[in-house]
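Listed here are the chains, written in short residue letters.
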Amino acid sequence: MNRRQFIAVLGGAAAWPLAGHAQQSERMRRVGVLMPGPENDWRAHATAFANALGRLGSSDGRNVRIEYRYAANDPRLFKTYAEELVGLAPDALLATTPPALIALKEKTHTIPIVFVLVVDPVGMGLVQSLAHPGGNITGFGALDPPMMGKWLQLLKEVAPNVTRVSIIFNPDTQPYARFFNSAIEAAAPSMEIAVTLAPVRDDTAIQEAIAAQAPEPGGGLVCLPASFTGTHRDAIIAAAALHGLPLIGVEVFPRAGGLMSYWYDAVELHAEAASYIDRILKGATPADLPVQQATKYSLIINLKTARELGLTVPPSMLQLADEVIE
C-alpha cells in the first residue's frame, strides 16, 4: 500500500465513527393519537393519518412510533388514555373531537397538540384565535355552528311538511352541543320550525326521544355530529324508520339508511392534519400554525329512504348532491 492509499484508508476510518453517530442521532419520534369512538369506526381515519405522515417522510415503525388510543365514547377512558399518552412524553399529539382535545389539554400545556373536528375552538377557550392560536394547540376542521342552519334548510327542502325537529345529542360527550343547538334554534323560526332538545346517553333514551316526535305529523330529526351519534347510528336510524321521521346528520347516516347529510370528509381531514404533525416534528410550534377551517362540504341523499318516507326529492337537489344512494 503506497502513502496516498494509506492516507485515504485512514481518512475513511476516521469518518466511520461520525457516520455511526449520525445514524444513532436520528432517534425514533413518538406521536400520540386519541380518537373518540371504537377502533372499527375510526380505523379509516387513523390509516389516512398514518399514510399521509408516511408520505411526508415519517413512517410508523421506521422513524416514528404512533401510539393510538380509542376512547369508545367513554368519558373515563378519555381521561385515562390522555394520561397514558402524555405519560409517554410524545413529540406531538393528535386529538379527534373536543372530548379528546379537552382531556389532553388537561394533562399537558407543553406537548404540541393538533386537533381535528372541534367546534368553535375560540369560543371554547381552547385557542386564542384561528389565525394565531397561541399556546400548544392548533388544528384542522374547526366546525362552523352556523352551518346547522343550513341543515334545517336542506331538511325542509326535501321534507317540506317538517314543522318540528328534535336534536339528538349526548351532553356527556358533546360539551360543544350548545353551540350547535343555539345555531339551530336561531335559524328555526324563519323556517317555521319548532326545536326540541333531546339529550340521550344510550339506545333506550334514543328510542324514547325519537318516539316522542311521532304522535303528531311534521316531525323530523337532527343528529349532531359526534362520535356518540355515529356509533349509535343503527339505533337512531331504526327508530327514525319505525316512526317515519326524516333525519339529517353526518355522512354515515344516509349511507346506513338515514335520509341525508351535509358534511365534509372527516377521513381526509385526518390526512391533512398529518401536515401539521410533520411540521411540528421538524421544529414548528402550534402557536405559529393557524387553525384550518373545513371548506369543502358534500351533500348525500338516500333516495331509497326518501321514497320509503313518501318524499319526493326536488330534481334541483339531486343535481346538487355529491352522492345519491339508490
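Refer to the structure printed above.
Because the structure is a prediction, the values reported are computed rather than measured. (Residues numbered from 1 in each chain as written. Predicted model: local features only at pLDDT ≥ 70, side-chain atom pairs only at ≥ 80, totals over all residues. Heavy atoms only, no water.)

**Some details on the pattern of salt bridges**
Basically, it comes down to this: Here, a salt bridge means any side-chain nitrogen of Lys or Arg that lies within 4 Å of a carboxyl oxygen of Asp or Glu. Under the scheme used here, helices are H or I runs from DSSP no shorter than 4 residues and strands are E runs no shorter than 2 residues, and both carry numbers assigned from the N terminus. Each residue is placed in one exposure class: buried if its accessible area under a 1.4 Å probe, protein chains only, is under 20% of its type's maximum, exposed if it is over 50%, and partly exposed if it falls in between.
Tallying each qualifying case throughout the model produces 11 salt bridges. The salt bridge involving Arg-29 is made with Asp-91; its shortest N-O contact spans 3.4 Å. Of this pair, Arg-29 sits in strand S1 (residues 29–35) while Asp-91 is found in the loop between helix H3 (75–87) and strand S3 (92–96), placing the two residues 62 residues apart along the sequence. Residue classification places Arg-29 among the partly exposed residues on the basis of a relative accessible area of 24%. For Arg-307, the salt bridge goes to Glu-326, with nearest N and O atoms at 3.6 Å. With Arg-307 in helix H12 (residues 303–308) and Glu-326 in the segment after strand S13 (323–325), the pair connects residues that are 19 residues apart, well separated along the chain. Glu-326 matches Arg-307 in its accessibility class, with the two residues each being exposed. Beyond isolated ion pairs, a larger network of salt bridges with shared partners links Arg-30, Glu-67, Arg-69 and Glu-84.

**Section: the packing of helix H7 (residues 203–211) against helix H9 (residues 233–242)**
Each packed pair of helices is defined by two parameters, the angle between the axes and the distance between the axes. Quick reminder of the rule: The axes used here are C-alpha line fits, helices contributing only the stretch in contact, and every angle between their N-to-C directions lies in the interval 0 to 180 degrees. Throughout this description, any angle smaller than 35 degrees is read as roughly parallel, any larger than 145 degrees as roughly antiparallel, any in the 65 to 115 degree range as roughly perpendicular, and the remainder as oblique. A clockwise turn of the near helix away from the far one marks a right-handed crossing, whereas an anticlockwise turn of less than a right angle marks a left-handed crossing. What makes two residues a contact is simply this: any of their non-hydrogen atoms within 4.5 Å. Nonpolar residues are Ala, Val, Leu, Ile, Met, Phe, Trp, Tyr, Cys and Pro. Charged residues are Asp, Glu, Lys and Arg, and all others, Gly as well, are polar.
Two elements in contact, H7 and H9, have axes separated by 9 Å at closest approach and are oriented at 25°. With respect to H9, the element H7 is oriented roughly parallel. In the packing of H7 onto H9, the handedness of the crossing is right-handed. On the side of H7, the interface is formed by Asp-203, Ile-206, Gln-207 and Ile-210, while H9 contributes Ala-235, Ile-236, Ala-239 and Ala-240. Here the contact of H7 with H9 is built from residues that sort into 6 nonpolar, 1 polar and 1 charged.

Interpretation in functional terms is not warranted from these geometric data alone.
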